[in-house]
Amino acid sequence: MYRRFRLLLPAIALLAVALAAWCWVDNAVNRGVTYEPPATPVAWADVPQIGVNAFNIQFEPDPADVTRTLELARDLGAGFVRVQMPWDDIEIHAKGDFEDRRNADHVRSAWEKYDVIVAEANRLGLELIVRIDRAPRWARPNDHDDPRFQAGLQENPDSTGPPENYADYADFVAAVARRYRGKVRFIQIWNEPNLAYEWSWRIPEPERFVELLRAASIAARAANPEVVIIFPSLSPTDGKEPRKAPMSELDYLDRVYRAGGAPYFDIMSAQAYGLGQPPDENRYIRLRWSPAAPFNDLDRPIDSRIDVSRVVMLREVMERYGDGDTAIWISEFGYNSAPESVPEPARSNWGPPVSEELKGAYLVGQLERARREWPWVGVMNVWFLRWGGYREPDPADPTPYFAIVDRDFTPLPAYAALRAYAAGAPVAGAGAHAWSHPAVATISNGVWRVRFTGQSLVLRPAAPVDVSLDGAAPVRFNPDVHGGPVIVASGLADDIHVAEIRGSLPPQSFLVGRERPFPWIWTPVPALLVLLLACATALTMLEIGRRAAYARASKV
């Protein structure tokens, strides 16, 4: 009897460990990877992939440096430039007052420098993503004077918060949308509202943010029906920093959806910092314990802030609320290359620093991974192009080392790596794609070329088409009588392929698929482990019952 018991307990432990290990492997190989995508393309995902953040471009004293910065973005091959348009830098002194009187010797329109940025971006063929945050002091007098905020301001001079009257912010967003109608389409509402220092050092309030988002979105759309509203980037955090980050971005977004926030944005956004990890990192948790400091992290032994893949978890929240048709744009992603002259712990704020060359390789790798695995990701904005503005960076601050261009406008190795990547022909990865995807090139009237990476190609032709795949003889395909998809190729090598398509009308869309590696093992193995674990547990319970019955009988 005791022998069976001694065998069953280790068996249960072994099976439990095996099941946990299997779940870990399944996560690492399959979680978030698109193999068989839905048939409908995701709006705003099939756009030029590369964007850059023009950090502090609004504080350039010389307009020529604005032009040089935007020219660098264009020459890189970026289609988008994300800029900040701080509310407190335009409606500075009072509501409706757009005059800048901070320098009595140089009074001017507060719009002036932003007019230059918008005009130059338009001239160079760049789409701007305008982030609007930072309420002026007149819009939040009570919050600003609150001792809690004043204490936080001493800790972080960039601390800010929402206005006390949300209509004031909505009116300003409408003013931006109206002024730049036909010139600026993409407006991002606020930034990182799940951090205390972006929310007046209060505990983040997703439901109140939805009120702010709703007011701003309605006002912007009324001022410019063509405007596209982007949700603010949420800071990836596990919610275990009670003062600065008391709520994870996943919990925050969950509450946004429950509060009815979905109708008030067109594009979700996320941050995807690498934290020194390689771009193919696909873990979702890791142990924080280190033998060098065994007692430091006992309060938080599990770290879920694995940001290369964190965007997948954000996507899962969206899909849970039926919002899978909304694209995610990456507002900021990058790697830090701080040298040893930057003191610790600041030097490792964003994970182990990487070399300038590795920074370029990792940035390109992250772009390639998104293209290959995440068809719901649209623009990815590198953080950042160049440290702009009139202020020189603090030598002890690692932030400047995200740049891919030096302060003196000299391109760094990462810039060259990204430019080489952008110069290549666009490639569509797994997913359903609109015919407007950058990977579709019009060769001549009625002739198109599609580059894709995957193992199958499906078209929705509107008329008969002849398809030549990788230079082979063309094959005729007719539209499905019910308007459904038509399989053009399957069982291909998981590599880049080129399809040349001829027809009187372009197909409505196309779909690229991939096959899950070793598909026959992912369901049977865990099912078998669960079954064995259940059997071992049941036998153990029976054995315990027998021992209890034997003990009672012995007493009698």
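Just so we're clear, the structure is a prediction, and the values are computed from it rather than from any experiment. (Residues numbered from 1 in each chain as written. Predicted model: local features only at pLDDT ≥ 70, side-chain atom pairs only at ≥ 80, totals over all residues. Heavy atoms only, no water.)

Trainee: Could you clarify how one ought to interpret the environment of arginine 347 in this entry?
Mentor: Here arginine 347 lies in the loop between strand S11 (328-333) and helix H10 (356-373). Side-chain polar atoms of arginine 347 contact the backbone oxygen of alanine 338, separated by 3.0 Å. (Helix = DSSP H or I, 4+ residues; strand = E, 2+ residues; numbered from the N terminus. Polar contact = N/O pair within 3.5 Å; in protein donor to acceptor, adjacent residues only side chain to side chain.)

Trainee: Please clarify how a nonpolar patch on the surface should be interpreted in this entry.
Mentor: Together, Trp24, Val25 and Val29 line one region of the surface with nonpolar side chains, adding up to about 240 Å² of accessible area. Within the secondary structure layout, valine 29 lies in helix H1 (residues 2-30). (Patch = residues over 30% accessible without salt bridge, like charges linked within 9 Å, V, L, I, M, F, W, Y side chains within 5 Å. Areas by Shrake-Rupley, 256 points an atom, 1.4 Å probe, with all protein chains shown as cover. Salt bridge = Lys/Arg side-chain N within 4 Å of Asp/Glu carboxyl O.)

Trainee: Teacher, can you tell me more about the nonpolar core here?
Mentor: Judged by nonpolar contacts, the single largest core of 109 residues is most densely connected at Ile189, Leu253, Trp329 and Ile404. Here this core takes nine residues from helix H6 (residues 166-179), the largest share from any one element. Formed by 21 residues, the second largest nonpolar core is a distinct cluster that contains Phe452, Leu459, Phe477 and Ile501. (Core = buried A, V, L, I, M, F, W, Y, C linked by side-chain atoms within 4.5 Å. Buried < 20%, exposed > 50% of the residue type's maximum accessible area, 1.4 Å probe, protein only.)

Trainee: I'm lost on the packing of aromatic side chains in this one. Help?
Mentor: Within a pair of aromatic rings, the relevant descriptors are the distance that separates the centres and the angle that separates the planes. Evaluated as defined, the whole model comprises 31 aromatic pairs. Ring geometry for tyrosine 273 and phenylalanine 402: centres 5.5 Å apart, planes at 55°, overall tilted. Placement of tyrosine 273 in the loop between strand S8 (268-271) and strand S9 (286-287) and of phenylalanine 402 in the loop between strand S12 (377-382) and helix H11 (413-423) is noted, with a sequence separation of 129 residues between them. A residue is classified by how much of its surface remains accessible, and phenylalanine 402, at 2% relative accessible area, is buried. One cation-aromatic arrangement involves arginine 386 over phenylalanine 409; the distance from NZ or CZ to the ring centre is 3.8 Å. (Phe/Tyr/Trp six-rings, centres within 6.5 Å; stacked < 30°, edge-to-face > 60°. Lys NZ or Arg CZ within 6 Å of the ring centre and 35° of its normal.)

Trainee: I keep staring at empty space enclosed by the protein and nothing clicks. Help me out?
Mentor: Evaluation of the coordinates by the stated rule reveals three cavities of 30 Å³ or more. As a volume, the largest cavity reaches approximately 60 Å³. Of all the elements in the fold, those that place two or more residues in the lining of the largest cavity are S8 and helix H9 (307-320). It is H9 that provides the largest number of residues to the lining of the largest cavity, a total of three residues. Of the residues in the lining of the largest cavity, the class split is five nonpolar, one polar and two charged. (1 Å grid on protein atoms, 1.4 Å probe; cavity = no way out; pocket = protein on both sides within 12 Å on 5 of 7 lines; lining within 4 Å. Points joined across faces, edges and corners; volume = space filled by probe spheres on them. Nonpolar A, V, L, I, M, F, W, Y, C, P; charged D, E, K, R; others polar.)

Trainee: Please clarify how the side chain of glutamate 91 should be interpreted in this entry.
Mentor: When you line up the elements, glutamate 91 lands in the loop between strand S2 (80-84) and strand S3 (99-100). For the buried glutamate 91, no salt bridge is present, and the opposite-charge side chain at shortest range is lysine 95, 5.1 Å distant. Within the structure, the side chain of glutamate 91 is placed 2.8 Å from the side chain of tryptophan 87, a separation counted as a polar contact. (Lys, Arg positive; Asp, Glu negative; His and termini not counted.)

Trainee: Could you clarify how one ought to interpret the pairing of strand S21 (residues 509-513) in this entry?
Mentor: For a regular strand, side chains alternate in direction, first toward one face of the sheet and then toward the other. Of all five residues making up S21, five are buried, and the element is well covered by its neighbours. Side chains Ser509, Leu511 and Gly513 of S21 all project onto a buried face; the interleaved residues Phe510 and Val512 project onto the opposite face, where all are buried too. Here strand S13 (residues 431-434) runs beside S21; their pairing, made up of four bridges, is antiparallel. Looking at S21, one finds that alanine 432 is bridged to leucine 511. (Pairing = 2+ DSSP bridges.)

Trainee: Please clarify how the layout of surface pockets should be interpreted in this entry.
Mentor: Left-over empty space is what a probe sized like a water molecule reveals as it rolls over the atoms. Each pocket or cavity is described by its volume, and for the second largest pocket that value is around 460 Å³. Surrounding the second largest pocket, 25 residues form its lining, Gln49, Arg371, Tyr421, Pro426 and Val427 being those nearest its centre. Listing elements by their share of the lining of the second largest pocket, those giving two or more residues are H10, S12 and H11. Counting residues per element, the lining of the second largest pocket draws most heavily on H10, at three residues.

Trainee: Is there a simple way to explain the environment of alanine 139 in this structure?
Mentor: Here alanine 139 is to be found in the loop between strand S5 (127-132) and helix H4 (141-145). The spatial distance from the C-alpha of alanine 139 to the C-alpha of alanine 21 is 53 Å, given a sequence separation of 118 residues. Apart from residues no more than four positions distant in its own chain, alanine 139 is found in contact with Trp87, Pro163, Glu164 and Asn165. (Contact = heavy atoms within 4.5 Å.)

Trainee: What am I meant to see in the packing of helix H7 (residues 206-223) against helix H8 (residues 249-258) here?
Mentor: The relative placement of two packed helices comes down to the angle between their axes together with the axis-to-axis distance. Contact pair H7 / H8: the axes reach a minimum separation of 8 Å and the direction vectors enclose 60°. Regarding the angle of H7 to H8, the classification is oblique. Between H7 and H8 lies a crossing whose hand is right-handed. Residue-level contacts link Pro206, Glu207, Phe209 and Val210 of H7 to Tyr252, Arg255 and Val256 of H8. (Axes fitted to C-alpha atoms, helices over the stretch in contact; angles between N-to-C directions. Parallel < 35°, antiparallel > 145°, perpendicular 65-115°, else oblique. Left-handed = near helix turned anticlockwise from the far one by under 90°.)

Trainee: Please explain the sheet that holds strand S18 (residues 475-477) as it appears in this structure.
Mentor: Paired through their backbone hydrogen bonds, the strands of a sheet run either parallel or antiparallel. Strand order in this open sheet of five strands is S14-S15-S20-S17-S18, and the pairing throughout is antiparallel. Both edges of this open sheet fall to strand S14 (440-444) and S18, since each of them pairs with a single strand only. On average, each strand axis in the sheet is inclined to that of its neighbour by 30°, with strand direction left out of account. Sheet analysis places strand S17 (residues 465-469) next to strand S20 (residues 495-503), joined by five bridges and oriented antiparallel. Note on S20: the bridge partner recorded for valine 467 is isoleucine 501.

Trainee: Is there a simple way to think about the packing of H10 against H11 in this case?
Mentor: Closest axis-to-axis distance for the H10/H11 pair is 7 Å, and the angle between their directions is 30°. With respect to H11, the element H10 is oriented roughly parallel. Helix-helix and strand crossings are classified by hand; for H10 and H11 the assignment is right-handed. In this structure, H10 uses Glu356, Glu357, Lys359, Gly360, Leu363, Val364, Leu367, Glu368 and Arg371 to contact H11, whose residues at the interface are Pro413, Ala414, Ala417, Leu418 and Tyr421. Grouping the constituent residues of the contact of H10 with H11 by class yields eight nonpolar, one polar and five charged.

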